[in-house]
Amino acid sequence: MNSLQDKISYLIQSIKTYTDRHGRTLSTVFLTLPSKADYPDYYEIIQKPIDLKRIEYRQYSSINDLSNDLKLMFDNALLYNEPGSMIYRVNDFLTKK
């Protein structure tokens, strides 16, 4: 794993397949954007929609660029969802320092 793209691909796959101590995959809600038919207001509220599928297929020139897209994805989820929701709990878990 030498190239930047290999490292980025590895990081993305690690995020997609990460499970909690109960074996639950935490990335499921971030894999694809909400359906426009089911959640039309999402696209009114969120100015720059992004999901792990889009992140996975982008060509990044730096880890920082990847980090910015991941942050945008989590920020979008927090903006759209209610405090205390499952999304908030997953975000809190994934972004703990």
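Everything discussed here concerns the structure shown above.
In this text the structure is predicted, and so the values were computed from the model without any measurement.

(A) Expanded view of the overall build of the protein. Counting its secondary structure elements, the protein contains five helices and zero strands. Its helices and strands taken in sequence order, the protein reads α-α-α-α-α from the N to the C terminus. On C-alpha atoms alone, the protein measures out to a radius of gyration of 14 Å, which is about the 13 Å that the 2.2 N^0.38 rule sets for 97 residues. Expressed as lengths along the three principal axes of its C-alpha atoms, the size of the protein is roughly 40 × 30 × 25 Å. Taken across its 97 residues, the protein has 28% of its residues classed as buried. The contacts in the protein between residues at least 6 apart in sequence include a share of 46% that link residues at least 24 apart. Surface accessibility of the protein: about 6800 Å² in total, with carbon and sulfur atoms responsible for 52%. Mean positive and mean negative side-chain charge positions of the protein (13 and 12 charges, respectively) differ by 5 Å.

(B) Fine view of the nonpolar core. With 13 residues, the main nonpolar core has Phe30, Leu52, Ile55, Leu66, Leu70 and Met73 as its most contacted residues. Elements that contribute at least two residues to this core include exactly helix H1 (4–17), helix H3 (52–57) and helix H4 (63–80). It is H4 that contributes the most residues to this core, five residues altogether.

The rules behind these values
Residues numbered from 1 in each chain as written. Predicted model: local features only at pLDDT ≥ 70, side-chain atom pairs only at ≥ 80, totals over all residues. Heavy atoms only, no water. Helix = DSSP H or I, 4+ residues; strand = E, 2+ residues; numbered from the N terminus. Rg over C-alpha atoms; globule rule 2.2 N^0.38 Å. Buried < 20%, exposed > 50% of the residue type's maximum accessible area, 1.4 Å probe, protein only. Contact = heavy atoms within 4.5 Å. Areas by Shrake-Rupley, 256 points an atom, 1.4 Å probe, with all protein chains shown as cover. Lys, Arg positive; Asp, Glu negative; His and termini not counted. Charge placed at Lys NZ, Arg CZ, Asp CG, Glu CD. Core = buried A, V, L, I, M, F, W, Y, C linked by side-chain atoms within 4.5 Å.

Honestly, that's just the spatial picture; any functional story needs more than this.
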